[in-house]
Amino acid sequence: MRFLEMWNPLTFVGYDIASKRQIEETVRELYNSKPHIAATLGFALAGLSAAMSGAIWSGIAATLVVLACLLFRLVMERLFIARRPGELEPKWIRLFVFGSLLSGFGWGLSGALLLYGTSAQTQALTMAIACAIMHGAAGRAYMMPGTALFNIAFIIGQMSIAAYLDGNYIYVPAFLLYFTFLASFILQMVSNRLCQLHAEQTADRLYQEITEKNELLRIANEALATKAYEDPLTGLANRRKFDLVIAETLAGAQQEALPVSLMIIDVDHFKAFNDTYGHQSGDECLQLLTKAISNTISTPGSLVARYGGEEFVVILPGQDCAEARVIAENTRIAARLTSLDMLPNTPPRQTISIGLVSCEAGSLMTRDAMLAAADAALYEAKKQGRNRVCVYSDMSREQHQTPPAGATL
């Protein structure tokens, strides 16, 4: 920001790049009346010194001026605090500028009254207090430098006139030198403020980008994890996912004393289907059957997974044998009703065979025992002619043994 641009009292440094929170905090600090209380006490002390040295009316007048400015400033602060939350309209900036310029003029007038026709002790005290006020204004000028520059000019201008009229000519060049020093200080403060705001803006942008990248990475990791447990052809859970879920399901069923059922589904004569219609038609057939099976299995916590090739497994937590048998029959019928005539060479409807095993609530169950039992039931379904559901009924006695191929069903 150039020096001449800083003279605009309404210039708010970094208004276009600062966040709403930063602007709110800055304006709140500008409205803080504590520096004005300190300035009023200082000039009141100088007024007391003037009165004690014989310049009673000068001391009284100077004190009344700064007291009036302080009162107006306190009213401004009260109004600002009492505004509606989040409201920061331009009128509040304009009100601050007016109040600040009024205070600067009042301080300059008070300093001039205390510098004209008073004792050397009062003049020295007044000069010290005025310099402290101007330095404090310069220290806060990184927010609104134009207002601070006008305040300093008001104080120095009026006090220079009073000093000149009082015959203290040396004060005039000293004031001008001090103003030059404060102006250069303010210019550097503004430059530092802009650098700070730009750095904070860059940091916020980088933080936002990192947050977005982390979110994209999290989504990508979740998608990758999902793909790791998904069969690419059918979109069902794969064997790895099945192994995880069956272990969790069996542990939870044992803990809560719930039944668990397991189905193994095999597509009948699928090798012959592939040999007749080709592997592409075979893949599309599996996809159609997958949709029919998935639409039928809707019990809470259930899982349909591709076990390998043309075999599927279904976990039915909380389902006893009778309930699972109904689901299995519905699944078989849904597969049988699935039309394949849109595939090349219009193959006939396909059938499936299902082996089902159920474990009663509270029974000790193992993954291998359930799979072996369901596989034995599936073998029996195929042995009996396929397109049917067979239930393995001896799980309670042979749960730790692999059922023979001719197990009783």
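### Let's talk about a nonpolar patch on the surface
Okay, so step 1: Judged by side-chain polarity, Ile 56, Trp 57, Ile 60, Leu 64 and Leu 67 come together as a nonpolar surface patch covering roughly 550 Å² of accessible area.
Okay, so step 2: Relative to the helices and strands, Leu 64 is located in helix 3 (residues 56-81).

### Brief notes about the confidence of the model for the protein
Okay, so step 1: When pLDDT is averaged along the protein, the result is 87, and 94% of the positions lie at 70 or above.
Okay, so step 2: Note on residues 395-409: pLDDT under 50 across the span, and 32 contacts to partners over four residues away in sequence or across chains.

### With respect to the sheet that holds strand 5 (residues 389-392)
Okay, so step 1: Across the sheet, which stays open at both edges, the five strands sit in the order 2-3-1-4-5 with mixed pairing between neighbours. Each of the sheet's edge strands pairs with one partner strand only, and the pair in question is strand 2 (303-308) and strand 5. Between one strand axis and the next, the sheet turns by 20° as a mean value, whatever way the strands run.
Okay, so step 2: Direction of pairing for strand 4 (residues 352-359) relative to strand 5: parallel, over a ladder of four bridges. Paired with Gly 355 across the strands is Cys 390, a residue of strand 5.
Okay, so step 3: Its contacts with the sheet place helix 8 (residues 239-256) against strand 1 (260-267), strand 2 and strand 3 (311-317), and it is angled at close to 130° to strand 2.

### Re the pattern of salt bridges
Okay, so step 1: Counted by the stated rule, this structure contains 12 salt bridges.
Okay, so step 2: Between Asp 268 and Lys 382 there is a salt bridge, and its shortest N-O distance comes to 3.4 Å. Separated by 114 residues along the polypeptide, Asp 268 in the loop between strand 1 and helix 9 (270-277) and Lys 382 in helix 12 (residues 367-383) bring together distant segments of the chain. Each of the two residues, Asp 268 as well as Lys 382, counts as buried.
Okay, so step 3: Arg 325 serves as the salt-bridge partner of Glu 329, at 3.6 Å between the closest nitrogen and oxygen. With Glu 329 and Arg 325 both in helix 11 (residues 321-336) and four residues apart, this pair spans about one turn of that helix.
Okay, so step 4: With relative accessibility at 23%, the residue Glu 329 sits in the partly exposed group.
Okay, so step 5: Looking at Arg 325, the relative accessible area reads 33%, which means it is partly exposed.
Okay, so step 6: Connected via shared salt-bridge partners are Glu 215, Arg 218 and Glu 222.

### Looking at the packing of aromatic side chains
Okay, so step 1: Scanning the model with the defined rule gives 12 aromatic pairs in all.
Okay, so step 2: Centroid distance Tyr 31 to Phe 80: 4.3 Å. Interplanar angle 10°. Geometry classified as stacked. Within this pair, whereas Tyr 31 is found in the loop between helix 1 (20-30) and helix 2 (34-52), its partner Phe 80 is found in helix 3, the two being separated by 49 residues in sequence.
Okay, so step 3: Centroid distance Phe 273 to Tyr 277: 5.0 Å. Interplanar angle 45°. Geometry classified as tilted. Taken as a pair, Phe 273 and Tyr 277 lie in helix 9 at a separation of four residues, close to a single helical turn.
Okay, so step 4: What makes Tyr 277 partly exposed here is its relative accessible area of 22%.

### Re the packing of helix 2 against helix 3
Okay, so step 1: Their axes nearest at 7 Å, the elements helix 2 and helix 3 cross at an angle of 170°. The orientation of helix 2 relative to helix 3 falls into the category roughly antiparallel. Of the residues in helix 3, those touching helix 2 at His 36, Ile 37, Thr 40, Phe 43, Ala 44, Gly 47, Ala 50 and Ala 51 are Ile 56, Gly 59, Thr 63, Val 66, Leu 67, Leu 70 and Arg 73.
Okay, so step 2: Partitioned by chemical class, the residues of the contact of helix 2 with helix 3 number nine nonpolar, five polar and one charged.

### Topic: the environment of Asp 341
Okay, so step 1: On the secondary structure map, Asp 341 appears in the loop between helix 11 and strand 4.
Okay, so step 2: It is 29 Å that separates the C-alpha atoms of Asp 341 and Cys 390, two residues lying 49 residues apart in sequence.
Okay, so step 3: In contact with Asp 341, other than residues within four places in its own chain, are Thr 346 and Pro 347.

### Details of the nonpolar core
In a soluble, globular protein the nonpolar side chains are often hidden away together inside.
Okay, so step 1: By size, the foremost hydrophobic cluster in this structure holds 37 residues, and its most contacted members are Met 134, Ile 152 and Ile 186.
Okay, so step 2: Counting residues per element, the ones that place at least two in this core are helix 2, helix 3, helix 4 (90-115), helix 5 (120-139), helix 6 (145-165) and helix 7 (171-228).
Okay, so step 3: Sequence-distant contacts of Ile 186, that is, excluding residues within four places in its chain, are made with Met 6, Ala 138, Ala 141, Pro 145, Ala 148, Leu 149 and Ile 152.

### Some points on unusual backbone geometry
Okay, so step 1: At Ala 257, a residue that is not glycine, the phi angle is positive and equals roughly 55°.
Okay, so step 2: Within the secondary structure layout, Ala 257 lies in the loop between helix 8 and strand 1.
Okay, so step 3: For Arg 386, which is not glycine, the phi dihedral falls at a positive 70°.
Okay, so step 4: With respect to the helices and strands, Arg 386 occurs in the loop between helix 12 and strand 5.
Okay, so step 5: The class for Arg 386 is partly exposed, based on a relative accessible area of 26%.

### Observations regarding the packing of helix 4 against helix 6
Okay, so step 1: Contact pair helix 4 / helix 6: the axes reach a minimum separation of 8 Å and the direction vectors enclose 20°. With respect to helix 6, the axis of helix 4 lies roughly parallel. When the axes of helix 4 and helix 6 are compared, the crossing they make is right-handed. Every residue of helix 6 that contacts helix 4 at Phe 96, Val 97, Ser 100, Leu 101, Gly 104, Phe 105, Trp 107, Gly 108, Leu 109, Gly 111, Ala 112 and Leu 115 is listed here: Thr 147, Phe 150, Asn 151, Phe 154, Ile 155, Gln 158, Met 159, Ala 162 and Ala 163.
Okay, so step 2: Class assignment of the residues belonging to the contact of helix 4 with helix 6 gives a composition of 14 nonpolar, seven polar and no charged.

The rules behind these values
Residues numbered from 1 in each chain as written. Predicted model: local features only at pLDDT ≥ 70, side-chain atom pairs only at ≥ 80, totals over all residues. Heavy atoms only, no water. Patch = residues over 30% accessible without salt bridge, like charges linked within 9 Å, V, L, I, M, F, W, Y side chains within 5 Å. Areas by Shrake-Rupley, 256 points an atom, 1.4 Å probe, with all protein chains shown as cover. Salt bridge = Lys/Arg side-chain N within 4 Å of Asp/Glu carboxyl O. Helix = DSSP H or I, 4+ residues; strand = E, 2+ residues; numbered from the N terminus. pLDDT = per-residue confidence, 0-100. Contact = heavy atoms within 4.5 Å. Pairing = 2+ DSSP bridges. Axes fitted to C-alpha atoms, helices over the stretch in contact; angles between N-to-C directions. Buried < 20%, exposed > 50% of the residue type's maximum accessible area, 1.4 Å probe, protein only. Phe/Tyr/Trp six-rings, centres within 6.5 Å; stacked < 30°, edge-to-face > 60°. Parallel < 35°, antiparallel > 145°, perpendicular 65-115°, else oblique. Nonpolar A, V, L, I, M, F, W, Y, C, P; charged D, E, K, R; others polar. Core = buried A, V, L, I, M, F, W, Y, C linked by side-chain atoms within 4.5 Å. Left-handed = near helix turned anticlockwise from the far one by under 90°.

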